[in-house]
Amino acid sequence: MSGIGEVLKTARQAKGMTQGELAEAAQMTQAALSRYENDLRAPEPEALERLARALGVTPDLLGRGVRIEGGIAVAAHMRRRATAKPTVWRALEARLNMLRLHTTALHEEINMSSDRHVPSFDPDVDPPEYAARMVRVQWRLPIGPVHSLSPWMEAAGVLIAEADFGAGAKVDGLSQWATDYPIVMLNSSSPSDKKRLTLAHELGHLVLHSQYGGDDMEQQANAFAAELLMPEAEIKPMLRGRLTLGKFVDLKRYWGTSIQSLIERAYSLDLITRDERTSFWKQLSARGWRTNEPASDEIPVENPRLTRHIADSLEARGLTASEIATLSGFHRPADNDIFVGSRRRGHLTSA
């Protein structure tokens, strides 16, 4: 079992603070904070209170992190580009770990029962495409496009939180299991088609890699996402014949997935050659569509609601915003940017 140091460091990284910044905010020396983070000394209750306040959490939450089996700083499944900076994605991993900690705290107050569940498959035995088809069957997804994936995932108990990852983060999403519940953190600045693909990718990690790992996890999650959102049996006939960028735009409107993912799907199904694939990518670049695809504003929006539903349930029980913040381990309501109910959300909107 880890000490308080790992929790303090993770909470600090999640806030994007340096040791010096946190030490100043908590009115202590950086040397003292360094000793706490390296578990060379345990902070006294008064010092822990100041640290918690500066981090926007409760002392109880920091203590809860110490009691988590295996420690708090667990590596996350992450959909990130190869050029994503390690400092950026490590900070995002820390934010996901704090989301896991806040979620675990609330699980003791809210019974998150669900009609469905996230199944587990061993990718060394069951190919990702098979797992995706089984998820479609078990969840009774409709034939054809999945116009909004978040309600299906939330009905299976997946908690999805959106957050601004910052300019140039080059990370689309992260996922992890919080005790018995899966969590996903999604980049709020991504367009709808990318959010949907990211959700499917992270669901692939949750389905395939809760117990099993390997060097090809990203490829497996990609294959799962492609089959889940664009099933081979249904999309293959649409990808036959002469393919043009114009046809891919029409397919995007129908399937709700990006032109880029449709090109990759056609290539993975051996419906276009490597040279044709390269040609399409060059055409995308020439038109500036690699970063700003057409028809994105016509795609149904992913709108996760489970975090709001949890807060609404607590509000319905008569809890105030301050009490909800405390239960979920935040210092005050202003620090709670995850479990925000309709009452507070409406107040913030009107303000």
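These lines cover the structure that appears in this document, whether it is placed above or below.

Cut-offs and rules
Residues numbered from 1 in each chain as written. Predicted model: local features only at pLDDT ≥ 70, side-chain atom pairs only at ≥ 80, totals over all residues. Heavy atoms only, no water. Helix = DSSP H or I, 4+ residues; strand = E, 2+ residues; numbered from the N terminus. Rg over C-alpha atoms; globule rule 2.2 N^0.38 Å. Buried < 20%, exposed > 50% of the residue type's maximum accessible area, 1.4 Å probe, protein only. Contact = heavy atoms within 4.5 Å. Axes fitted to C-alpha atoms, helices over the stretch in contact; angles between N-to-C directions. Parallel < 35°, antiparallel > 145°, perpendicular 65-115°, else oblique. Left-handed = near helix turned anticlockwise from the far one by under 90°. Nonpolar A, V, L, I, M, F, W, Y, C, P; charged D, E, K, R; others polar. Core = buried A, V, L, I, M, F, W, Y, C linked by side-chain atoms within 4.5 Å.

## Some remarks on the overall build of the protein
Within the protein, the secondary structure is distributed over 17 helices and 4 strands. Scaling as 2.2 N^0.38, a compact globule of 351 residues should have a C-alpha radius of gyration of about 20 Å, and the protein matches this with 22 Å. By residue count, 51% of the 351 residues in the protein fall in the buried class. Put simply, of all contacts in the protein between residues at least 6 apart along the chain, 70% involve residues at least 24 apart.

## Quick notes on the environment of Trp289
Considering the arrangement of structural elements, one finds Trp289 in the loop between α14 (274-287) and α15 (306-316). Linking Trp289 and Met98, residues 191 residues apart in sequence, is a C-alpha distance of 35 Å. Among residues more than four places away in sequence, those in contact with Trp289 are Leu245, Val249, Ile259, Gln260, Leu284 and Pro294.

## Details of the packing of helix α1 (residues 4-14) against helix α4 (residues 45-55)
To describe two helices that pack against each other, one gives the angle between their axes and the distance between the axes. Two elements in contact, α1 and α4, have axes separated by 10 Å at closest approach and are oriented at 25°. Relative to α4, α1 is oriented roughly parallel. Here α1 and α4 pass one another in a crossing that is left-handed. Across the interface between the two elements, Ile4, Leu8, Ala11 and Arg12 from α1 touch Leu48, Leu51 and Leu55 from α4. Residue composition of the contact of α1 with α4, grouped by class: 6 nonpolar, no polar and 1 charged.

## Section: the packing of helix α7 (residues 128-139) against helix α9 (residues 192-208)
Packing of α7 against α9 leaves a shortest axis separation of 11 Å and a crossing angle of 95°. Between α7 and α9, the angle falls in the class roughly perpendicular. On α9, the residues touching Pro128, Ala131, Val135 and Trp139 of α7 are Leu203, Val207 and Leu208. For the contact of α7 with α9, a count of residues per class yields 7 nonpolar, no polar and no charged.

## Focus on the nonpolar core
If you look at the biggest cluster of nonpolar residues, it comprises 47 residues, and the most contacted ones within it are Met153, Leu203, Val207, Phe224, Leu228 and Phe248. Those elements giving two or more residues to this core turn out to be α7, β4 (181-187), α9, α10 (217-229), α12 (245-255), α13 (259-268) and α14. Broken down by element, this core gets its largest block of residues, 7 residues, from α9. Once residues within four sequence positions are removed from consideration, Phe248 is found in contact with Leu239, Leu243, Ile259, Leu262, Ile263, Ala266 and Phe280.

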